[in-house]
Amino acid sequence: MAGLRLLRPQGLLPNPLTTTRTSVRPTKLGLRAPASQVQQARRISGPYGYTSAKALVFSEYGEPKDVLNLHTHSISPMLPPSSVLLRTLAAPINPADMNTIQGVYAAKPPFSSLIGTEKPSAIPGNEGVFEVVSSSSPTFSKGDWVIPKHTQFGTWRTHALTPADTLIKLDKAGLTPLQAATVAVNPSSAYRMLRDFVSDPTPMREGDWFVQNGANSAVGRAAIQLGRLWGYRSINVVRARPTPEATEALKHELLELGATRVVTDLEFESRAFQAEVADLTSRDSAAADGVRLGLNCVGGKSAQAMTRVLGRGGTLVTYGGMARQPIELPASRLIFKDLRFFGFWLSRWADRNPAAKEQTVHDILSLIREGKLADAPVVEVPWTWGTKAEELRGAVQRTLDGFKSGKGVFVFRDT
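Residues numbered from 1 in each chain as written. Predicted model: local features only at pLDDT ≥ 70, side-chain atom pairs only at ≥ 80, totals over all residues. Heavy atoms only, no water.

(A) Just the pattern of salt bridges, in detail. Tallied over the full model, the rule gives 14 salt bridges. Of the charged contacts in the structure, one is a salt bridge between R192 and D196, with a shortest N-O distance of 2.8 Å. Placement of both R192 and D196 in helix 5 (residues 186–196) is noted, with a separation of four residues, approximately one turn of the helix. For D196, a relative accessible area of 36% gives the class partly exposed. Note that R340 is salt-bridged to D338, the shortest N-O span being 2.9 Å. On the basis of relative accessibility, which here comes to 38%, the residue D338 falls in the partly exposed class. Where salt bridges share partners, they join D200, D338 and R340 into one cluster. (Salt bridge = Lys/Arg side-chain N within 4 Å of Asp/Glu carboxyl O. Helix = DSSP H or I, 4+ residues; strand = E, 2+ residues; numbered from the N terminus. Buried < 20%, exposed > 50% of the residue type's maximum accessible area, 1.4 Å probe, protein only.)

(B) Seen up close, the environment of G299. Position of G299 among the secondary structure elements: in the loop between strand 12 (291–296) and helix 10 (300–309). For G299, a relative accessible area of 5% gives the class buried. Sequence separation of G299 and I327 is 28 residues, and the distance between their C-alpha atoms is 5.7 Å. The contacts of G299, once residues within four sequence positions are left out, are N213, A323, Q325 and I327. (Contact = heavy atoms within 4.5 Å.)

(C) Examining helix 10 more closely. By the criterion of burial, helix 10 is predominantly enclosed, with eight of the 10 residues buried. Of all the residues in helix 10, the buried ones are G300, S302, A303, Q304, A305, M306, T307 and V309.

(D) Examining the sheet that holds strand 14 (residues 340–343) more closely. What the six strands build is an open sheet, ordered 11-10-9-12-13-14; its pairing is parallel. Each edge of the sheet is formed by a strand with only one pairing partner; in this case those strands are strand 11 (261–264) and strand 14. Averaged over all neighbouring strand pairs, the angle between strand axes comes to 15°, with direction disregarded. Note: strand 12 against strand 13 (residues 310–318), five bridges, orientation parallel. Note that in strand 13 the partner of L293 across the bridge is T315. Along the sheet face, helix 6 (residues 218–230) touches strand 9 (209–212), strand 10 (233–238) and strand 12 and points at about 170° away from the line of strand 9. Strand contacts of helix 10: strand 9, strand 12, strand 13 and strand 14, with the helix running at about 150° to strand 13, the strand carrying the most contacts. (Pairing = 2+ DSSP bridges. Axes fitted to C-alpha atoms, helices over the stretch in contact; angles between N-to-C directions.)

(E) Structural detail: unusual backbone geometry. Residues D200 and P201 are joined by a peptide bond in cis, for which omega reads 5°. Among the structural elements, P201 can be located in the loop between helix 5 and strand 9. Here the phi dihedral of S82 falls at roughly 55°; this positive angle occurs in a residue that is not glycine. Here the phi dihedral of Q152 falls at roughly 65°; this positive angle occurs in a residue that is not glycine.

(F) A look at the pairing of strand 15 (residues 378–383). Counted residue by residue, strand 15 has five buried out of six residues, so it is predominantly covered. Here strand 15 runs beside strand 16 (residues 407–412); their pairing, made up of six bridges, is parallel. Paired with W383 across the two strands is F412, which belongs to strand 16.

(G) Structural context of the packing of aromatic side chains. Considering all chains together, one arrives at 14 aromatic pairs under this definition. Measuring from centroid to centroid gives 5.5 Å for F58 and F111, while their planes differ by 90°, and the two rings are edge-to-face. Of this pair, F58 sits in the loop between strand 2 (51–57) and helix 2 (64–67) while F111 sits in the loop between helix 3 (95–102) and strand 5 (129–135), placing them 53 residues apart in sequence. When the centroid spacing of 5.8 Å and the interplanar angle of 85° are considered together, the rings of F197 and F344 count as edge-to-face. Residue F197 is located in the loop between helix 5 and strand 9, and its partner F344 is located in the loop between strand 14 and helix 12 (346–352); the two are separated by 147 residues in the primary sequence. Of the two residues examined, F197 and F344, each falls in the buried class. Through a chain of ring-to-ring contacts, three or more aromatic side chains come together here, namely W156, W383, F410 and F412. (Phe/Tyr/Trp six-rings, centres within 6.5 Å; stacked < 30°, edge-to-face > 60°.)

(H) The packing of helix 5 against helix 13 (residues 354–369), seen in detail. Where helix 5 contacts helix 13, the two axes come as close as 10 Å, and the packing angle between them is 105°. Relative to helix 13, the element helix 5 is oriented roughly perpendicular. Contact residues: P187, S188, Y191 and R192 in helix 5; T360, V361, D363 and I364 in helix 13. Here the contact of helix 5 with helix 13 is built from residues that sort into four nonpolar, two polar and two charged. (Parallel < 35°, antiparallel > 145°, perpendicular 65-115°, else oblique. Nonpolar A, V, L, I, M, F, W, Y, C, P; charged D, E, K, R; others polar.)

(I) Fine view of helix 7 (residues 244–257). Its 14 residues give helix 7 an end-to-end C-alpha distance of 20 Å, which sits within 8% of 20 Å, the value for a rise of 1.5 Å per residue. The complete set of buried residues in helix 7 reads T247, L250, K251, L254 and L257. For helix 7, the angular spread of the buried residues around the axis is 120°, confining them to a single face. What points out from helix 7, more than 90 degrees from its buried face, is the exposed set P244, E245 and E256. If you follow the buried residues of helix 7, they end up packed against helix 6, strand 10, strand 11 and helix 8 (265–268). Trailing helix 7 by a residue or two, G258 shows a phi angle of about 130°, which is positive. (Expected span 1.5 Å × (residues − 1). Arc of directions from axis to C-beta.)

Nothing here speaks to function; it is all geometry.
Structure follows, in structure tokens:
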């Protein structure tokens with residue numbers, strides 16, 4: 001996700017005296033709460049009708065536990081023309097957000113004092129869902145749900161004041177805030193990669209195969225389910241869990257979502273499995289082209305193994321590099337297998353194709369309403385008006401741990 005661009009919120013009352021700097025103490029991620037509780041909130045009002053707001057900010061790069069601070073500021077009730085005052089309902093903690101805070105992401109955020117921070121700062125978070133509190137634009141009404149139209153929005157805050165043309169209105173019927181908050185990045189990535197990169201001699205067809213690593217991720221789970229809906233078959237690679245029983249339970253879970261095969265990375269890299277894939281596709285008349293598409297978020301040996309199982313003319317799309325290792329290939333796979341390689345950065349795609357992003361979001365939400373796309377596991381992190389900075393910092397830092405039960409998501413209540 002691209003770095004943050006702070007929007008100039010005309011009507012903000014800068015108040016650097018309310019900036020808080022609290023000590024760091026790790027804390028456990030919050031427990032999952034019923035969706036009904038997610039929507040229970042009140043608007044904190046300051047003097048003369050100003051809205052009191054809080055935001056996680058950072059003024060220098062580093063580990064979240066060291067650089068994140070909770071800043072309090074006020075928003076004027078006098079909205080500029082064509083502006084919308086928003087209250088945040090939910091905002092995920094994505095890996096790109098962490099990399100942005102650490103200063104290792106491709107896009108660097110500008111730092112600003114627009115909300116009255118003592119030092120120029122940035123607000124992390126590029127994905128989330130908001131409820132309209134008030135609007136000076138005819139496009140939006142109080143109670144509407146919206147998500148950011150572009151990246152670099154800064155969603156880790158209780159409230160935001162933004163121009164109306166920076167938002168996408170959602171039909172909130174049949175949705176929970178968690179579903180709406182997590183639609184724009186992971187399932188959208190899976191949707192576009194499955195649809196956009198295979199074209200020669202035809203786009204992906206019913207019966208075609210794709211392979212992916214990181215299959216237990218939110219992107220991977222979405223790809224499995226979309227593939228099932230569109231008639232694709234999938235080979236899904238996961239890391240082995242601490243016990244064989246846990247590994248088998250994960251495999252079963254992904255098979256229930258619609259995966260065709262699920263293997264561990266060690267199984268996938270073995271010559272025996274590569275031979276099995278070749279035999280499987282050679283016996284299937286509908287898979288005469290072999291495995292046509294690979295989705296790579298790991299790199300290194302895992303990506304190399306994916307190129308071994310891709311069929312002639314296959315396509316490898318890289319959208320992550322969790323192993324932080326290069327993809328090294330023998331020339332024969334380029335010459336004799338005629339493989340194609342692409343990179344996919346959702347932030348750049350979305351900013352270049354806003355209409356397509358909006359349509360993708362609406363398509364995915366329709367599938368969710370119809371019960372055709374299951375929610376990815378999440379770990380809710382409650383954020384109330386009284387939540388301390390160290391609690392939020394600890395929750396963010398814990399997302400860097402190893403195996404997790406789900407994606408961390410800030411859930412805003414009583415703000």
